Amino acid sequence: MTNKIYPCFWFDGNAGEAARFYSSIFSESKITDENPMVVMFESAGQKFMFLNGGNQFTFNPSISMFVFYENEEALVEAWNKLIEGGAELMPLNSYEWSPKYGWLRDKFGMNWQLYVGDPANVPQVFTPTLMFAGKQNGNAAKAIELYTSIFEGSSVSGILKYTDPNEDVVGNVKHAQFSVGNTLFMAMDSSFEQKAEFNEAISFVVECETQAAIDYYWSKLSEGGSEGMCGWLKDRFGISWQIVPTVLKTLMSNPQKSQKVVEAFMQMKKFDIETLLKASH
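Model, not experiment: these values are computed from the prediction.

S.K.: I'm lost on helix α4 (residues 211–222) in this one. Help?
M.R.: Two residues of an α-helix separated by three or four positions point the same way, owing to the 3.6 residues in each turn. The terminal C-alpha atoms of α4 lie 16 Å apart, and with 12 residues this matches the ideal 16 Å at 1.5 Å per residue to within 8%. Looking only at α4, the buried set comprises Ala213, Ile214, Tyr217, Trp218, Leu221 and Ser222. For α4, the angular spread of the buried residues around the axis is 125°, confining them to a single face. Buried positions along α4 lie against α3 (140–150), β13 (202–208), β14 (226–227), β15 (232–234), β16 (240–245) and α7 (273–279). After α4 finishes, the residue Gly224 shows a positive phi value of roughly 80°.

S.K.: In this structure, what is going on with the sheet that holds β14? I would like to understand it.
M.R.: Within a beta sheet, neighbouring strands are joined by backbone hydrogen bonds and run either parallel or antiparallel to one another. Taken together, eight strands build an open sheet; the order of strands is β2-β3-β4-β1-β13-β16-β15-β14 and the sheet is mixed. Edge positions in the sheet fall to β2 (29–34) and β14, since each of these pairs with one other strand and no more. Across five bridges, the pairing between β2 and strand β3 (residues 38–43) is antiparallel. Looking at the pairing, Ile31 lines up with Phe41 of β3. Against the sheet, helix α1 (residues 15–23) makes contact with β1 (4–11), β2, β3 and β4 (46–52), and its axis sits at roughly 160° relative to β2, the strand it touches most.

S.K.: In this structure, what is going on with α1? I would like to understand it.
M.R.: Of all the positions in α1, only Ala15, Gly16, Ala18, Ala19, Phe21 and Tyr22 are classed as buried. Turning to α1, the residues buried within the fold contact β1, β2, β3, β4, α2 (72–82) and β8 (111–116).

S.K.: What am I meant to see in the state of the cysteines here?
M.R.: Two cysteines whose sulfur atoms are joined by a covalent bond form what is called a disulfide. Enumeration over the complete set of coordinates arrives at zero disulfides. Cys230 supplies the cysteine sulfur nearest to Cys8, a cysteine that is in no disulfide, at a spacing of 13 Å.

S.K.: How should I be thinking about the side chain of Thr183 in this particular structure?
M.R.: Tracing the backbone shows Thr183 in strand β12 (residues 183–189). When residues no more than four places from it in sequence are discounted, the contact partners of Thr183 are Ile5, Gln124 and Phe178.

S.K.: Where do I start with the sheet that holds strand β10 (residues 155–161) in this structure?
M.R.: The eight strands lie next to each other as β6-β7-β8-β5-β9-β12-β11-β10, forming an open sheet whose pairing is mixed. If you trace the sheet from one side to the other, it starts and ends with β6 (87–95) and β10, each paired once. Neighbour to neighbour, the strand axes of the sheet diverge by 20° on average, direction disregarded. The pairing of β10 with strand β11 (residues 173–180) spans six bridges and is classified as antiparallel. Bridging from a neighbouring strand, Gly158 pairs with Gln177 of β11. Taken strand by strand, α2 contacts β5 (63–69), β6, β7 (98–105) and β8, and its axis lies near 165° from that of β8.

S.K.: Got a minute to help me understand the nonpolar core in this structure?
M.R.: Looking at soluble globular proteins, one finds that nonpolar side chains tend to be buried together. Of all hydrophobic cores here, the largest spans 82 residues; its most connected members are Tyr22, Phe50, Trp112, Leu130, Tyr147, Trp241 and Ile243. Counting 11 residues, the second-largest nonpolar core is a separate cluster that includes Tyr115, Val122, Met131 and Met186.

S.K.: I would appreciate a short explanation of the pattern of salt bridges in the present structure.
M.R.: Pairing is possible between side chains of opposite charge, provided their charged atoms come close. Counting across every chain of the model gives seven salt bridges. Between Lys174 and Glu167 there is a salt bridge whose closest N-O contact spans 3.6 Å. Residue classification places Lys174 among the partly exposed positions, given a relative accessible area of 29%. Relative accessible area serves as the criterion here: at 35%, Glu167 is assigned to the partly exposed category. Of the charged contacts, one joins Lys270 and Asp215 as a salt bridge, the two residues approaching to 3.0 Å between their closest N and O atoms. Remark: Asp215 occurs in helix α4 and Lys270 occurs in the loop between α6 (258–265) and α7; sequence separation between them is 55 residues. With a relative accessible area of 33%, Lys270 lands in the partly exposed category.

The rules behind these values
- The written sequence of each chain sets the order in which its residues are numbered from 1.
- Residues qualify for local features only when their pLDDT is at least 70, as the model is predicted, and side-chain atom pairs are given and counted only at 80 or more; totals for whole chains, interfaces and linings, by contrast, use all residues.
- Hydrogens and waters are ignored; side-chain quantities use all the structure's heavy atoms.
- Only runs of H or I of at least four residues qualify as helices and only runs of E of at least two qualify as strands under DSSP, and these elements are numbered from the N terminus.
- Expected helix span is given by 1.5 Å per residue-to-residue step, counting one fewer step than there are residues.
- Between buried and exposed lies partly exposed: a residue is buried under 20% and exposed over 50% of the maximum accessible area for its type, with that area taken using a 1.4 Å probe on protein chains only.
- Here the arc refers to the directions that run from the helix axis out to each C-beta atom.
- Residues count as neighbours in contact if any of their non-hydrogen atoms are within 4.5 Å of one another.
- Strand pairing follows a simple DSSP-based rule, namely that at least 2 bridges must link the two strands.
- Orientation is described by axes fitted as lines to C-alpha atoms, over the contacting stretch for helices, and by angles from 0 to 180 degrees between their N-to-C directions.
- In plain terms, two cysteine sulfur atoms within 2.5 Å form what is called a disulfide here.
- By nonpolar core we mean a set of buried residues, namely Ala, Val, Leu, Ile, Met, Phe, Trp, Tyr and Cys, connected to one another through side-chain atoms within 4.5 Å.
- Salt bridge, as used here, is a side-chain nitrogen of Lys or Arg placed within 4 Å of a carboxyl oxygen of Asp or Glu.

Put into structure tokens, the structure is as follows:
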């Protein structure tokens, strides 16, 4: 079962501003589509959705974007632009895992981890990184097992666990790298006190060609979690997903019919492709 997965960032009315800001910082970036509700953004061949959702949800360190650079000069240039109006969370410095690394929060609240690495070990530039903290602390390995069991083509590159109680809870995940379908993710546990709970500010969109695919991912991911409206759900760990039909973009592109399509899916939790098609006629 093929699938396309990409992150969605929830902004408070400034998705377009954010997209243009990031386009000025990250190379090979462009806005591919824009309307009052959604801005579609691409960078380094990866897809992102920027949503003008309102002020209900705000970003926090529970989900950050790990960004790969081949050289320190390019990283420092991006760091200096991103941190304007933001804050440093981990100093830009040399660490055992990278000659140059730093973690910051930008002016929109988004969390970025910038690092220099070996391009041979990095299949994608932007890697969503999940931090299991608070009540989710200790669940990183369970989440990896769940996601890789659901999505075809998934794999685990490696899981490094804490062995020193002075660093964190022994057995917790210190660092893990895994693929969900064709999308690379990272994950870690953290027992430190911090405001880092998963919420809808960052969700992951799963594009589905068929109703069978929608039914499958909806059932698997919502089990033990909760169902939302308009294709949104939360899994058992509190991470948000959007299970959407690929045909929705085509249906929404017709201004004469899009309003009826919107009216139809506003009544739905799980998307129903047949009902959407009927609404478009």
